[in-house]
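Residues per chain are reported as follows:
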Amino acid sequence: MRGEVAIVGYGRTPYTRLKPGEPVLTVDEYIAWAAELALKSAGMSKTDFDDQGLGVAHAEAAHTVNWSAATAETLGISPQILLRADQGGASASSLLIRAAALIKAGVIDRALIVGADTPLSIPSAAPGLPLSPERTRGVYWDFQGPFGVMGASAQFALIQQRYMHQYPVTLEQLGKIASTTRYHASLNPQAIYRKPFSVEEYINSRVLSDPIRLLDCVPIVNGGLAYIVTSAETARKITDNPVYLLGFGETNNYYHGSRSLPDVTTTGFVKSGPAALKMAGVTHTDIQVFEPYDDYPFIVMMTLEDWGFCRKGEGDRFVAERNFRFDGDFPMLTDGGQLSGGQPGGAIGGFAPLIEAVTQLRGEAGARQVKGATIAASCGFGGIPYGRPGRTCIGLIFGTEA
Amino acid sequence: MSTPISAENKPLPVITDLTRPFWTSAKEGRFVLQKCGHCGTFQFQPKPWCIECGSRDLAWTPAKPTGTVYTFTISRSVAMNFPGWEAELPVLMCLIDLDDGARLYGQVTDCAPDKIHIGMRVEVHFKDISEDAGIPKFRPIAGT
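Residues numbered from 1 in each chain as written. Chains lettered and ligands numbered in written order. Predicted model: local features only at pLDDT ≥ 70, side-chain atom pairs only at ≥ 80, totals over all residues.

### Describing the nonpolar core
Residues and elements named next belong to chain A. With 163 residues, the main nonpolar core has Ile113, Tyr227 and Phe398 as its most contacted residues. When residues of this core are assigned to their parent elements, the largest contribution, nine residues, is made by helix α1 (residues 27-42). Three or more residues apiece are contributed to this core by two domains, here domain 1 (5-125 + 222-242) and domain 2 (145-218 + 245-399). Once you skip the residues sitting within four places of it in the chain, Ile113 turns out to touch Gly55, Ala92, Leu95, Leu96, Ala99, Ala226, Tyr227 and Val229. (Core = buried A, V, L, I, M, F, W, Y, C linked by C-beta atoms within 7 Å. Buried ≥ 20, exposed ≤ 12 C-beta atoms within 10 Å, placed from the backbone. Helix = DSSP H or I, 4+ residues; strand = E, 2+ residues; numbered from the N terminus. Domains from an automatic or database assignment. Contact = placed C-beta atoms within 7 Å.)

### Focus: the interface of chain A and chain B
Facing 36 residues of chain A, the contacting portion of chain B comprises 42 residues. Contributing elements (two or more residues each) for the side of chain A that touches chain B: α4 (138-142), α5 (151-166) and β5 (207-209) of chain A. By residue number, the principal contributor to the side of chain A that touches chain B is α5 of chain A, which donates nine residues. Looking at the side of chain A that touches chain B residue by residue, the class counts come to 20 nonpolar, 11 polar and five charged. (Nonpolar A, V, L, I, M, F, W, Y, C, P; charged D, E, K, R; others polar.)

### Some words on the sheet that holds strand β3 (residues 58-62) of chain B
Taken in spatial order, the three strands line up as β2-β1-β3 (chain B) in an open sheet, and their pairing is antiparallel. The open sheet has two edge strands, β2 (42-43) and β3 of chain B, and neither has a second partner. (Pairing = 2+ DSSP bridges.)

### Regarding helix α10 (residues 297-307) of chain A
Residue and element names in this part refer to chain A. In terms of burial, α10 is largely enclosed, as 11 of its 11 residues are buried. Restricting attention to buried positions, one finds in α10 the residues Pro297, Phe298, Ile299, Val300, Met301, Met302, Thr303, Leu304, Glu305, Asp306 and Trp307. Of the surrounding secondary structure, the elements contacted by the buried residues of α10 are α5, α6 (171-186), α9 (269-280), α11 (315-321), β10 (375-382) and β11 (392-399). Two residues or fewer past α10, Gly308 is found with a positive phi of approximately 100°.

### A look at the sheet that holds β11 of chain A
Residue and element names in this part refer to chain A. What the nine strands build is an open sheet, ordered β3-β2-β4-β7-β1-β8-β11-β10-β9; its pairing is mixed. Edge positions in the sheet fall to β3 (81-85) and β9 (289-291), since each of these pairs with one other strand and no more. If you compare each strand with its neighbour and ignore which way they point, the axes differ by 25° on average. Pairing analysis gives four bridges linking strand β2 (residues 53-57) to strand β4 (residues 110-117), with the strands arranged parallel. Each residue of the ladder has a partner; that of Val56, found in β4, is Val114. Packed on one face of the sheet, α9 meets β8 (243-252), β10 and β11 and runs near 150° to β8. (Axes fitted to C-alpha atoms, helices over the stretch in contact; angles between N-to-C directions.)

### Points about the domain arrangement of chain A
All names here are of chain A. When its domains are assigned, chain A resolves into domain 1 (5-125 + 222-242) and domain 2 (145-218 + 245-399). Computed over C-alpha atoms, the centres of domain 1 and domain 2 are 23 Å apart. The interface is formed by 33 residues belonging to domain 1 together with 28 residues belonging to domain 2. For the side of domain 1 that touches domain 2, the secondary structure elements donating two or more residues are β1 (5-12), α3 (91-104), β4 and β7 (223-231). Looking at which element gives the most residues to the side of domain 1 that touches domain 2, the answer is α3, with seven residues. Residues that form the side of domain 1 that touches domain 2 fall into these classes: 17 nonpolar, 12 polar and four charged.

Rendered as structure tokens:
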């Protein structure tokens, strides 16, 4: 699969925290806006996707049962193939893998992949609190909500606490990851929070659920993103700077150790990261830009370990020793990540790392551009299983040469 | 289906035939888990077959009401839950490794926040939450 497909365009709408006076758009409107930006970036039109592929990432906002077909109707596109991903923050990455396989098989030549969510506009199941009706359905909720689990911040706090128990992890290095995102956000006009903060401010920020602090958490926003993937042959015809998919790896519902009592401090990236590198035929030192899924800084540290950039338990030292700034020796989270850039719902934030990797390789990252970057990696990380981190872990490797 | 809410303004489970024995037993002060008749695994949360071997031969079986704190968090505000929890803040939420080999989310009560720790031995106690259901919580085992 190496170099068989390329991303030829992408779009990201402005994000909003819905301050008074800011427009309230629906998911459909954000999808159309993001698709328009992606088509413009690729120099294509929506008719180019008749008889081709359309992929839609599941949103948290209510939508119809046959959501991908309804989206095709909304956009007035008649695709041959509809793809829908319900893998949370891994959906954008998994849709790329599915589309690539269909393109490689010759079923389609190209696909438009879209996602948007409006978590700030969803009626809450608990008035005054951000709790979408979508999150309170089924056994999964029945054995958490009534037990007193306080959502993602508590679920991930439990994982971080165990991680800090098993390995030497310091708040200083988690704070370095968090403050690096804000530094990059200060260079990215599209990021939602752009005022830099220090490691001390991170450590002193309000504790929500020990050890998770306010500055460990992503700001939720409304917004939409999209990208376009084509066969390598088509990509070369329509653009001078295609970004080729060189490798991918995917794990779903990974257990580290036993199913009943797994070790929660190792994620599925321990398989999918190395698999992506192997397919791409590159090693860790070839990666010039790394875009992990930063729903929490400690997840970034675990991701670095599990990909194999350092050994398990050495993440803290690795973070201390490396410079993650765009002009440093390990550029990472160069758009501000989701921690400072914003997360358009738990399901759509996963477009951002992929799109930032592409942005960097196309040389379109402006003030945060990593000079001469030719190989980048990004992560999809989706869903919170019962008592474990990350249902889906996807690694992607991109390059400017096939 | 919307989430049913208790008189304390906390969420209640939607009880199905699959999960009813758990809630009913807890209301009666008994701690039961699904046990696989094929491989003997206890599992939680309830599932339609054994996640170890795939057997549908599962039976609700009394489990040892004791375990060890695998990890903990001290929730200081209500998030993605219902306002009724405000009255209990901070909530000591743990993942408990039961002595019978399953892991579950469990609130530890009767414990000062600065005393909770990984490895703490805990035992089950029950709280009535509705006419149909009770819920297991945990407290430190005295003298351990």
